[in-house]
Amino acid sequence: SERLSNVVRRLDNMQIRSQQALTVTEDIINLKDCKVKLIAAIEDKNLTLAVKYIRQAHEIDLKAAKTSDDFEVILSKEKEVKEMVQTAFSAAITDSNIKLVMSLCPLLQTLGLESEARDKFLDFVEKTIFIAVSADASSVEGATDAAVGYAQALSSVFNSAYMIIQQYMPMVIQGMENSLGDIFFIRKLNMKVEQESGQVLKRYMKYRSIKENIAAI
């Protein structure tokens, strides 16, 4: 019984080592396949596929990966892909192409560049999208009653913010949630709303001569 148990344990150990060796072999083969497909994706400028193969390469056990020369090639190509994605992201921001910007965000996330992309994106939306939230978006002068005009101006500020959240928030969550991009987006938008609504209220207080009335009282 004891000899049989020893034989069984030895066979189990052999089986485990065989499975480990087979796994390492499969990883090395997959690594070579990733390298070939990664190079092809770079040549075709298919950034989505390129990042996909980089992700697959990093999912392979690091010790096994380091035994292959293909891993070093993949690491060097990864730097090239990072530069390509960053260039495409900057170009999309320059062109005000929101859809392309958001489609590139998950790629930047995989490549470890999401935080930098988030900051660039937030600067971009402040300059191009948040400008819709403005104290001057609704004219007070055209209103039959000035008080009603100020109320409309205030409503315009909040309605613009609502439309921005409705249109862009799903994309922000999808592309930048891991770097808290959605939270920073709401925070910056809230600051913009406070600033513009405050302008409307200050103008209304001036129109109603609040300071003078308080001083008189």
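Every chain's residues receive numbers from 1 upward, in the order its sequence appears when written. Where local features are concerned, this predicted model is filtered to residues with pLDDT of at least 70; where side-chain atom pairs are given and counted, the filter is 80 or more; whole-chain, interface and lining totals use all residues. Only hydrogens and water are set aside; all other atoms, that is, all heavy atoms of the structure, feed into the side-chain values.

1. Considerations on the overall build of the protein chain
Then, number 1: The secondary structure content of the protein chain amounts to nine helices and zero strands.
Then, number 2: Only DSSP runs of H or I with at least four residues qualify as helices, and only runs of E with at least two residues qualify as strands; both kinds are numbered from the N terminus onward. Ordered by position in the sequence, the α and β elements of the protein chain form the string α-α-α-α-α-α-α-α-α.
Then, number 3: Two things to know: the radius of gyration comes from C-alpha atoms, and the globule rule equals 2.2 Å times the number of residues to the power 0.38. Taken over the C-alpha trace, the protein chain has a radius of gyration of 29 Å; the compact-globule value for 217 residues is 17 Å, which it surpasses by more than 25%.
Then, number 4: The dimensions of the protein chain, computed from C-alpha atoms along their principal axes, are 105 × 50 × 25 Å.
Then, number 5: Taking all 217 residues of the protein chain together, 33% fall into the buried category.
Then, number 6: Note on definitions: a residue-residue contact is assigned when non-hydrogen atoms from the two residues lie within 4.5 Å. Counting contacts in the protein chain only where the partners sit at least 6 residues apart, residues at least 24 apart contribute 71% of the total.
Then, number 7: Residue exposure ignores everything except the shown protein chains as possible cover, and the areas themselves are Shrake-Rupley values with a 1.4 Å probe. Roughly 13900 Å² of accessible area belongs to the protein chain as shown, and the carbon and sulfur atoms make up 54% of that amount.
Then, number 8: Between the centroid of the 27 positive side chains of the protein chain and the centroid of its 29 negative side chains there is a distance of 3 Å. Buried residues are those whose accessible area, probed at 1.4 Å on protein chains only, stays under 20% of the maximum for their type, while exposed residues exceed 50% and partly exposed ones sit between those limits. For the purpose of counting charges, residues Lys and Arg are taken to be positive, whereas Asp and Glu are taken to be negative. His and the chain ends are not included. The location of each charge is read from NZ of Lys, CZ of Arg, CG of Asp or CD of Glu.

2. A look at the environment of K77
Then, number 1: Residue placement: K77 occurs in helix α4 (residues 69-94).
Then, number 2: Expressed as a C-alpha distance, the spacing of K77 and Y162, which sit 85 residues apart in the sequence, is 42 Å.
Then, number 3: Not counting chain neighbours up to four residues away, the residues in contact with K77 comprise L38, I39 and I42.

3. Regarding the packing of helix α7 (residues 146-176) against helix α8 (residues 181-207)
When two helices pack together, their arrangement is given by the angle between the helix axes and the distance between those axes.
Then, number 1: Closest axis-to-axis distance for the α7/α8 pair is 10 Å, and the angle between their directions is 175°. In this view, α7 runs roughly antiparallel relative to α8, as classed from their interaxial angle.
Then, number 2: Looking at side-chain class alone, the contact of α7 with α8 contains 23 nonpolar, two polar and three charged residues. Axis definition: a line fitted to C-alpha atoms, over the contacting stretch in the case of helices. Angles run 0 to 180 degrees between N-to-C directions. Any angle between 65 and 115 degrees counts as roughly perpendicular, while under 35 counts as roughly parallel, over 145 as roughly antiparallel, and the rest as oblique. Lys, Arg, Asp and Glu make up the charged group, whereas Ala, Val, Leu, Ile, Met, Phe, Trp, Tyr, Cys and Pro make up the nonpolar group; the residues left over, Gly among them, are polar.

4. With respect to the environment of S155
Then, number 1: Structurally, S155 is set in helix α7.
Then, number 2: On the basis of relative accessible area, S155 is assigned to the partly exposed category, the value being 37%.
Then, number 3: Sequence separation between S155 and A135 is 20 residues, and the spatial gap between their C-alpha atoms is 9.8 Å.

5. A word on the confidence of the model for the protein chain
Then, number 1: A score between 0 and 100, pLDDT records how confident the predictor is in each residue. The share of residues in the protein chain with pLDDT of 70 or more is 91%, and the mean pLDDT across the chain is 83.
Then, number 2: By mean pLDDT, the top-scoring element of the protein chain is α8 (91), and the lowest-scoring one is helix α3 (residues 62-66) (70).

6. Some thoughts on the nonpolar core
Then, number 1: Core analysis: the largest hydrophobic core is formed by 50 residues, its most contacted members being V81, F89, F121 and F185.
Then, number 2: For this core, the secondary-structure elements that each account for two or more residues are α1 (2-43), α2 (47-59), α4, α5 (98-110), α6 (114-128), α7 and α8.
Then, number 3: Counting residues per element, this core draws most heavily on α7, which supplies nine residues.
Then, number 4: Apart from residues no more than four positions distant in its own chain, F89 is found in contact with V101, L104, C105, L108, A117, K120 and F121. For the purposes of this section, nonpolar cores are sets of buried Ala, Val, Leu, Ile, Met, Phe, Trp, Tyr and Cys residues that join through side-chain atoms within 4.5 Å.

7. A word on the pattern of salt bridges
Then, number 1: The working definition used for a salt bridge is a side-chain nitrogen of Lys or Arg within 4 Å of a carboxyl oxygen of Asp or Glu. Evaluation of the coordinates by the stated rule reveals eight salt bridges.
Then, number 2: The salt bridge involving K32 is made with D70; its shortest N-O contact spans 3.1 Å. Here K32, found in helix α1, pairs with D70, found in helix α4; they are 38 residues apart in sequence, far enough to count as distant.
Then, number 3: For K32, a relative accessible area of 45% translates into the label partly exposed.
Then, number 4: Measuring nitrogen to oxygen at the nearest pair gives 3.1 Å for the salt bridge that ties R118 to D119.
Then, number 5: Residue R118 is classed as buried on the basis of its relative accessible area, which comes to 12%.
Then, number 6: Overall, D119 belongs to the partly exposed group, its relative accessible area being 38%.
Then, number 7: Counted as one network, the salt bridges with shared partners bring together K32, K35 and D70.

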